[in-house]
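Residue strings, one per chain:
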Amino acid sequence: MEQEKHQRRIRYSGTHPKRYQEKYKEHNPEKYAADVAHVIQRGATPAGMHISIMVDEILDFLQIQPGQVGLDATLGYGGHTRRMLEKLEGQGHIYGLDVDPIESEKTKKRLADLGFGEDILSVRLQNFADIDQVVKDTGRKLDFVLADLGVSSMQIDNPERGFTYKVEGPLDLRMNPQKGISAAERLKELNYDELVGMLIENSDEPYAEQIAEVVMTRTESGHFIETTTQMKQAIEEALAFLPKKEQKEAVKKACARTFQALRIDINSEFEVLYAFLEKLPDVLAPGGRVAILTFHSGEDRLVKKSFKHFAREGLYSEIAQDVIRPSAAECVRNSRSKCTKMRWAIRSEL
């Protein structure tokens, strides 16, 4: 058998790695647990890892019991799933859905290595808009459902995925990079009015017209926006009319909103969420519980409206009257949790 050639780890200048590929310790939390714990202690998220949000609040509400059947609609890194599996105490089953073929395979292996095999966990490469298919395949309705609508840190941190303006990478933003078109390709399809509409509808962008004008000018002249850095530069140009002292913060916020708007569009996130919410009452067992974490106002409005509608219809016996937010301590520990809102509903017994 041919011996595998040894490859040395990537070298970096200075005392601490800055590039995603160089952070070899953070990519291997089992081997370098102390180093990873130190990164988390600083309030940062280790590269290639995701820190689950509001775990205790979710578990307190779901009240998972051994023998129940549940669903993690957005598997991600599997942090929530792991804690829910522990509550089952080896009895029952959880289905984990994800559209990301890259991360779902890693998560499946990670959880299997912890003792959660296929007897208690089924990982499906499936969009959570199709949750009715899970019930159809298994013949049993769900006792609990969790949907964490945030983008996983593994996706954000990896420059090859193009989810952040902070590092250079292709302007991709697809949850499943093997399907559909990238955000860069999508920009080539849009006209001025469509782009303005997208930015306003998906992220309430106040400078939508200025940003769209710069993007369209570049597109029409053949200087297509292909990378995250080029997108950021276009936004900087669009906001150049602002006073100098305001520009840096305004560009930062406009970049975050623009990337959010593009991500929502190319992944059809609102359409997927709407389909999921419409099917929820029919997949929950009597007394079944659902908790949803949202991260921007558009998502939260859809969830709130759906819960209220089905409560009036008598399909939910109780719904959250107010959003639940992460504790101040959690926000310090994990800065990415600050914008999180949790809503819940309980299926009526009828």
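One structure accompanies this document, and this report is about it. (Residues numbered from 1 in each chain as written. Predicted model: local features only at pLDDT ≥ 70, side-chain atom pairs only at ≥ 80, totals over all residues. Heavy atoms only, no water.)

## Comments concerning the side chain of D98
So, step 1. Positionally, D98 belongs in strand 2 (residues 93–98).
So, step 2. One buried charged side chain, D98, makes no salt bridge at all; its nearest oppositely charged neighbour is R161, positioned 7.7 Å away. (Helix = DSSP H or I, 4+ residues; strand = E, 2+ residues; numbered from the N terminus. Buried < 20%, exposed > 50% of the residue type's maximum accessible area, 1.4 Å probe, protein only. Lys, Arg positive; Asp, Glu negative; His and termini not counted. Salt bridge = Lys/Arg side-chain N within 4 Å of Asp/Glu carboxyl O.)

## Examining the packing of aromatic side chains
So, step 1. Under the counting rule described, the total for this entry stands at six aromatic pairs.
So, step 2. An angle of 90 degrees between the planes, with centres 4.9 Å apart, marks the rings of F128 and F276 as edge-to-face. Here F128, found in the loop between strand 3 (121–125) and helix 5 (131–138), pairs with F276, found in helix 12 (residues 269–283); they are 148 residues apart in sequence, far enough to count as distant. In this pair, the class of F128 matches that of F276, namely buried.
So, step 3. An aromatic cluster of at least three residues, connected via ring pairs, comprises F307, F310 and Y316.
So, step 4. One cation-aromatic arrangement involves K188 over F224; the distance from NZ or CZ to the ring centre is 4.9 Å.
So, step 5. Taking the ring centre of F61 as reference, the NZ or CZ of R289 above it sits at 5.0 Å. (Phe/Tyr/Trp six-rings, centres within 6.5 Å; stacked < 30°, edge-to-face > 60°. Lys NZ or Arg CZ within 6 Å of the ring centre and 35° of its normal.)

## Here's the deal with the sheet that holds strand 7 (residues 341–347)
So, step 1. Sheet architecture is open: seven strands sit in the order 3-2-1-4-5-7-6, paired in mixed fashion. With partners counted over all chains shown, the strands left at the sheet margins are strand 3 and strand 6 (316–319), one partner each. Adjacent strand axes in the sheet meet at a mean angle of 15 degrees when their direction is disregarded.
So, step 2. Bridge count for strand 2 against strand 3 is five bridges, and the pairing is parallel. Looking at the pairing, G96 lines up with V123 of strand 3.
So, step 3. Here helix 4 (residues 101–113) sits on the sheet in contact with strand 2 and strand 3, set at roughly 170 degrees to strand 3.
So, step 4. Sheet strands touched by helix 12: strand 4 (142–148), strand 5 (284–294), strand 6 and strand 7. Its angle to strand 5, the strand with the most contacts, is close to 150 degrees. (Pairing = 2+ DSSP bridges. Axes fitted to C-alpha atoms, helices over the stretch in contact; angles between N-to-C directions. Contact = heavy atoms within 4.5 Å.)

The values reported here are purely geometric and, on their own, carry no functional implication.
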